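# Descriptive structure summary
Here is what each chain is made of, one letter per residue.
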Amino acid sequence: MNLLLIGAVFLFNMHLKYNNIKIIILLFLQFSFLLHLYYCHSVPNELKFDCIPKGKSDEVTCKKMNCSWTPAIQSFTPWPWCYYPECYNNYNTINISKTSTGVVAFYNLSVASNYKKNIQILRLDVIFETPQRLRITIDDAVQIRYKPPFPNINEFKGIPIQRNNSLIISDFVVRLSKNGVGFVIIRKVDDTILFDSRNIGGFIFSDQFIQLSAILPSKYIYGLGEHRTNLILDSNWKTYTMFNHDNTPKPDINGYGSHPFYLLMEKSGKSHGVFLFNSNAMDIILQPAPAITYRVIGGILDFYFFSGPTPSDVITQYTEIIGRPFLPPYWSLGFHLSRYGQTFEDLIQVYNRTIEAGIPWDTHWNDIDYMDNKDDFTLSKHFKQLPEYVNNLHKNGMHHIVILDPGLKSQQSNGTIYVPLKDGLKDNIFIKNSDGQPLEGKVWNDIGTVFPDFTHPKATQFWKNQILNFYNIVQFDGLWLDMNEPANFINGDFNGCSSYKSDHWEEPQYIPGIVGGHLNYKTICMSANHFAGIHYDLHNLYGLIETISTHDALLEIRNTRPFVISRSSYPGFGHYAGHWTGDINSSWDDMKQSITDVINFNLFGIPLVGADICGFHHDTTVELCSRWIQLGAFYPFSRNHNGQYMKDQDPAALGSTVLSSAKKSLITRYYLLPYLYSLFWKAHVYGETVIRPLFFEYPNDDNTYGIDTQFLWGAALLILPVLKEKNHHVYVYLPKDIWYDFYNKTAILSNGNYFVITAPADTIPLLVRGGYILPTQTAALTTTLSRQNHFELLVATKHDQSTGFLFFDDGNSLDSWKNDLYNKVQFELVNTTFSSRVEMNGYINDNFVLQNITVLGIKQGPSYSQVNGIPFNDYYFNKTEEVLYFKMLNLNLRMPFNLTW
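Below is a short write-up of the structure.

About the cut-offs
- Residues numbered from 1 in each chain as written.
- Predicted model: local features only at pLDDT ≥ 70, side-chain atom pairs only at ≥ 80, totals over all residues.
- Heavy atoms only, no water.
- Helix = DSSP H or I, 4+ residues; strand = E, 2+ residues; numbered from the N terminus.
- Rg over C-alpha atoms; globule rule 2.2 N^0.38 Å.
- Contact = heavy atoms within 4.5 Å.
- Areas by Shrake-Rupley, 256 points an atom, 1.4 Å probe, with all protein chains shown as cover.
- Lys, Arg positive; Asp, Glu negative; His and termini not counted.
- Charge placed at Lys NZ, Arg CZ, Asp CG, Glu CD.
- Core = buried A, V, L, I, M, F, W, Y, C linked by side-chain atoms within 4.5 Å.
- Buried < 20%, exposed > 50% of the residue type's maximum accessible area, 1.4 Å probe, protein only.
- Disulfide = S-S within 2.5 Å.
- Phe/Tyr/Trp six-rings, centres within 6.5 Å; stacked < 30°, edge-to-face > 60°.
- Lys NZ or Arg CZ within 6 Å of the ring centre and 35° of its normal.
- Pairing = 2+ DSSP bridges.
- Axes fitted to C-alpha atoms, helices over the stretch in contact; angles between N-to-C directions.
- Polar contact = N/O pair within 3.5 Å; in protein donor to acceptor, adjacent residues only side chain to side chain.
- Expected span 1.5 Å × (residues − 1).
- Parallel < 35°, antiparallel > 145°, perpendicular 65-115°, else oblique.
- Left-handed = near helix turned anticlockwise from the far one by under 90°.
- Nonpolar A, V, L, I, M, F, W, Y, C, P; charged D, E, K, R; others polar.
- Salt bridge = Lys/Arg side-chain N within 4 Å of Asp/Glu carboxyl O.

## Re the overall build of the chain
- A count of helical and extended segments in the chain gives 17 helices and 53 strands.
- The C-alpha radius of gyration of the chain comes to 30 Å, within 12% of the 29 Å expected for a compact globule of 901 residues.
- Across its three principal axes, the chain shows a C-alpha extent of roughly 105 × 80 × 60 Å.
- Nonlocal contacts in the chain, meaning residues at least 24 apart in sequence, comprise 69% of its contacts between residues at least 6 apart.
- For the chain, the accessible area works out to roughly 34,700 Å², and carbon and sulfur atoms hold 51% of it.
- Averaging the coordinates of the 71 positive side-chain charges in the chain and doing the same for the 82 negative ones gives two points 5 Å apart.

Rendered as structure tokens:
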């Protein structure tokens, strides 16, 4: 405003002096140009987008790139000194036109960027796919560019959105820049700007460097994995690199998986999500404006926007396109035991002491120790009794998992035929080097390693054959996929990558902030050839495609619900498998971090996830492991696993303290398994989360936005782990609601307050949320046994009302949901009437019987009760607890019932 006032006074004085309109117009144009330059280059620090993200930044270089240079007084600042001016623009608009589903626009390059091979003509498509989903793509208008072949996105078919023969109104308004590539997305109902890329950040689209920036509506941003972060992502000039890599999880490095998806909480309490469907290596930068910058080194920009408005709605909308989570077999929700560095005799000792201790337990795992010379699909002579042991597990209603790495031995040795190598060479399914020969790296085996190309048409059948051959030796129940980033103990190939056009693929002009500083660091050459393209494009998909092949192989071989756990992941992965968070440390910090990790993977559509209970690297301690087994009993995937040379940390090995914690927490888990399994069914059908942060249920309470030390199972069960040494209480925030202590049934009425809750050494505090009904089942030592027990209902009242449901099937069959081979029962309490509604009764089971109902928050005891109109006297009211107990109801849950009092 000062400049405008000064300009107006100056022009008025010139008018008095010259009284010549031509001179006045000329002066006015000069002043306007200067004013434009001032505002173009005068950018607040938080809105400065880095013009030289790699390499030395100086004034001469900066101005050659048509950028602004403003050095700071101090030597270091988080914001860049060389930044894009607001008027930066290197594309001119050719035309913009409406289509039946949105808008299409074309742009012509006017000024080339400093990056090689700028794309001359761009096409931008805006597609209103559903009322809640918007897709925007920016692509080369002339040449076909790489697009990820996986996952199989549930794409919009290009038919105008209609309901009752009229266009559906989108939740979004989209406006394009008048000139140049940029757009703004607005939430129609309240005019909130969700994503604004107009005239900021320096849009660039070259062959191997694509950049787009946008202003965001708030700092409450979640997702962008896989990284070691707080629940709310740091937006203080923070870079999140997406490039799958084998490394012990640490802050500020790229992790095992890549998930370019974020969820954002708006100031109104509404939320939305954004997914960039691109599998190339990338950096995503958050800065305090708040703003986001995408720097991608290949492919196209293919954005999906999800309008929510609730956080749960966002995840439902996201998983609708990438694929709903798979429904795991029921037994896989039991407790798992594993370790690396174990003899067969060690394995038997773990079994014996765990059974003797009476710890609920379902599945025993084998790491690579079982292999002959660490070669896939082989059995060491030291584990020749493993098949018999696995058969014994099955007789006792238990299960078994073995590990597989994607890399296979690269040469025959010792005069024996390694069948997987022979078959792979015959089918020509290995990833190739520039000479057309199988690329050779080094992983666990003694010689060298070749890598199956899972994009090859024959690869899935090859993989299935190898799995079947080994299954005929050891009748495992599922597979554990490791090292599939893919990991490599050398960089690239034994012969190096020098013959691979290294300047183009191995060392592009811009390399994201990856560990090692080179794309082929501890993985294979970027220019290696797959059937579907080059590894440069496909690297982040490798683990996903292997997982799909493994899932499909198990489905055919076992004809039951496949169970796969994998380390490397990408969007769509949760449709096929679960995930563990990798080789974490035995530390209190790593235990706390696991909560955020588990929450994030639920946001990514991968609800079956867990961390190595008690840690993988380094020896655990009794207190740490005792508290960790309490927390780990409430991971969706609950497994104790540790590393080679570490002391035993299975619960029975660490003494009475850990044993007591393990038994109490795991008995509670098994008691709650019907509720957990029902949550997985909702995730499978509707794409909901199983584990969720508090803000998912309380989006209008911003006190919940950053809480990463508490989490929910579904909407109803709040888990409050002890995460600090020598603590016997937890200091927790409870949103405004009524909560009940799971153990003593005490009600806590919160108005959005902090509470101190006691946590004895063997106990993890649990609270049940008022208004919900949890189906439960008497616990047993295995899920095979617990499934034979009767059912119970835990009813937590809120204003004398509660709702809940139970999903139950045989726990193992394929497509029980699609084939109606399941039972689904809705429960409801209104005042003093409890009723059930049977929505499906396709699973016939004599044990599908309800015996007990426990109702919390009852102020006054009944004088009578009736079941289906018949007097029922086996009830008890505890006035002190304010709990009403109904016992021995003996109700067939496949039939509706009515209970009144």
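We are not done yet, so read on.
## So, the nonpolar core
- F275, I467, F634, W713, L717, F834 and I853 are the most contacted members of the largest nonpolar core, which has 184 residues in total.
- Residues Y107, F172, M242 and I292 belong to the second largest nonpolar core, which totals 45 residues.

## Focus: the state of the cysteines
- Enumeration according to the criterion identifies four disulfides in this entry.
- At a sulfur-sulfur separation of 1.9 Å, the disulfide partner of C497 is C525. Residues C497 and C525 are joined by a disulfide whose S-S torsion is about -85°; by sign, that bridge is left-handed. Placement of C497 in the loop between β26 (478–481) and α9 (502–505) and of C525 in the loop between α9 and β27 (529–530) is noted, with a sequence separation of 28 residues between them.

## Quick look at the environment of Y843
- On the secondary structure map, Y843 appears in the loop between β46 (833–841) and β47 (849–856).
- When the C-alpha atoms of Y843 and N823 are compared, they prove to be 5.5 Å apart, with 20 residues separating the residues in sequence.
- Not counting residues up to four positions away in its chain, the partners in contact with Y843 are R787, F808, D809, D810, L821, Y822, N823 and R894.

## Points about the packing of aromatic side chains
- Within the structure shown, the criterion is met by 66 aromatic pairs.
- Ring centres 6.2 Å apart and planes at 45° place the aromatic pair Y698 and W739 in the tilted group. Residue Y698 is found in the loop between α16 (694–697) and β35 (711–713), and its partner W739 is found in strand β38 (residues 737–741); the two are separated by 41 residues along the sequence.
- According to the relative accessible area criterion, Y698 is buried, its value standing at 10%.
- Among the aromatic residues, ring-to-ring pairing joins Y330, Y677, W681, Y686, F791, F805, F807, F808, W817, Y822, Y843 and F848 into one connected group.
- For R639, the ring lying beneath its charged end belongs to W365, and the centroid distance is 4.6 Å.
- Geometry around Y743 places K664 over its ring, the cationic atom sitting 5.2 Å from the centre.

## As for the pairing of β26
- Residues G478 and W480 line one face of β26 and the alternating positions L479 and L481 line the opposite face, and both faces are buried.
- One ladder, built from four bridges, connects strand β23 (residues 399–404) with β26; its direction is parallel. Directly across from I403, in β26, lies its bridge partner W480.
- Relative to strand β29 (residues 564–566), β26 is paired through three bridges, and the arrangement is parallel. The residue bridging L479 from the neighbouring strand is V564, located in β29.

## Focus on the sheet that holds strand β30 (residues 578–580)
- Reading across the sheet, the nine strands line up as β31-β30-β29-β26-β23-β22-β21-β33-β32 and stay open at both edges, with parallel pairing between neighbours. Looking at the sheet topology across the chains shown, the edges are occupied by β31 (609–610) and β32 (612–613).
- Relative to strand β33 (residues 638–640), strand β21 (residues 335–337) is paired through three bridges, and the arrangement is parallel. Paired with H336 across the bridge in β33 is R639.
- Along the sheet face, helix α11 (residues 542–558) touches β26 and β29 and points at about 170° away from the line of β26.

## Observations concerning the pairing of strand β13 (residues 210–215)
- Counting buried positions along β13 yields five of six residues, so the element is predominantly enclosed.
- In the sheet, strand β12 (residues 204–205) pairs with β13 via two bridges, with the strands oriented antiparallel. What sits directly across from I204, in β13, is Q211.
- Between the antiparallel neighbours β12 and β13 lie four residues.
- The pairing of β13 with strand β19 (residues 291–296) spans six bridges and is antiparallel. Considered in β19, the bridge of S213 is made with T293.

## Overview of unusual backbone geometry
- In this structure, P151 follows F150 across a cis peptide bond, with omega equal to -5°.
- Looking along the chain, the bond that leaves A289 and enters P290 is cis, with omega of 0°.
- Inspection of the secondary structure assignment puts P290 in the loop between β18 (282–287) and β19.
- A positive phi is found at N199, a non-glycine position, where the angle reads about 60°.
- Note that N199 resides in the loop between β11 (192–196) and β12.

## Examining the side chain of Q649
- One can find Q649 in the loop between β33 and α14 (656–671).
- A residue is classified by how much of its surface remains accessible, and Q649, at 1% relative accessible area, is buried.
- For Q649, the side chain forms a polar contact with the main-chain oxygen of G615, separated by 2.9 Å.
- At a separation of 3.2 Å, a polar atom in the side chain of Q649 contacts the main-chain carbonyl oxygen of H641.
- Non-local contacts of Q649, meaning those with residues more than four positions away in its chain, are made with S586, I613, C614, G615, T620, C625, N640, H641, N642 and L654.

## Some details on α14
- If you check α14, its first and last C-alpha atoms are 22 Å apart, about what 16 residues at 1.5 Å a residue would give, namely 22 Å.
- Within the sequence span of α14, burial applies to V658, S661, A662, S665, L666, T668, R669, Y670 and Y671.

## Points about the side chain of T900
- Within the secondary structure, T900 sits in strand β53 (residues 898–900).
- Among all residues touching T900, those that are not within four sequence positions of it are T832, T833, Y864, S865 and Q866.

## Some remarks on the packing of helix α7 (residues 419–427) against helix α8 (residues 459–471)
- Taken N-terminus to C-terminus, the directions of α7 and α8 make an angle of 160°; their axes are 10 Å apart at the nearest point. Taken as axis vectors, α7 and α8 run roughly antiparallel relative to one another. Regarding α7 and α8, the two cross each other, and that crossing is right-handed. Side by side, α7 and α8 meet where V419, P420, D423, G424 and D427 of the first sit next to F462, Q466 and N469 of the second.
- Its residues assigned to classes, the contact of α7 with α8 shows three nonpolar, three polar and two charged.

## Some details on the pattern of salt bridges
- Per the counting criterion, the structure on display carries 37 salt bridges.
- Of the charged contacts in the structure, one is a salt bridge between D302 and R135, with a shortest N-O distance of 2.8 Å. Of the two residues, D302 sits in strand β20 (residues 301–306) while R135 sits in strand β6 (residues 133–140), which places them 167 residues apart along the sequence.
- Accessibility expressed as a relative area gives 4% for D302, which makes it buried.

Shape descriptors only; they carry no functional weight alone.
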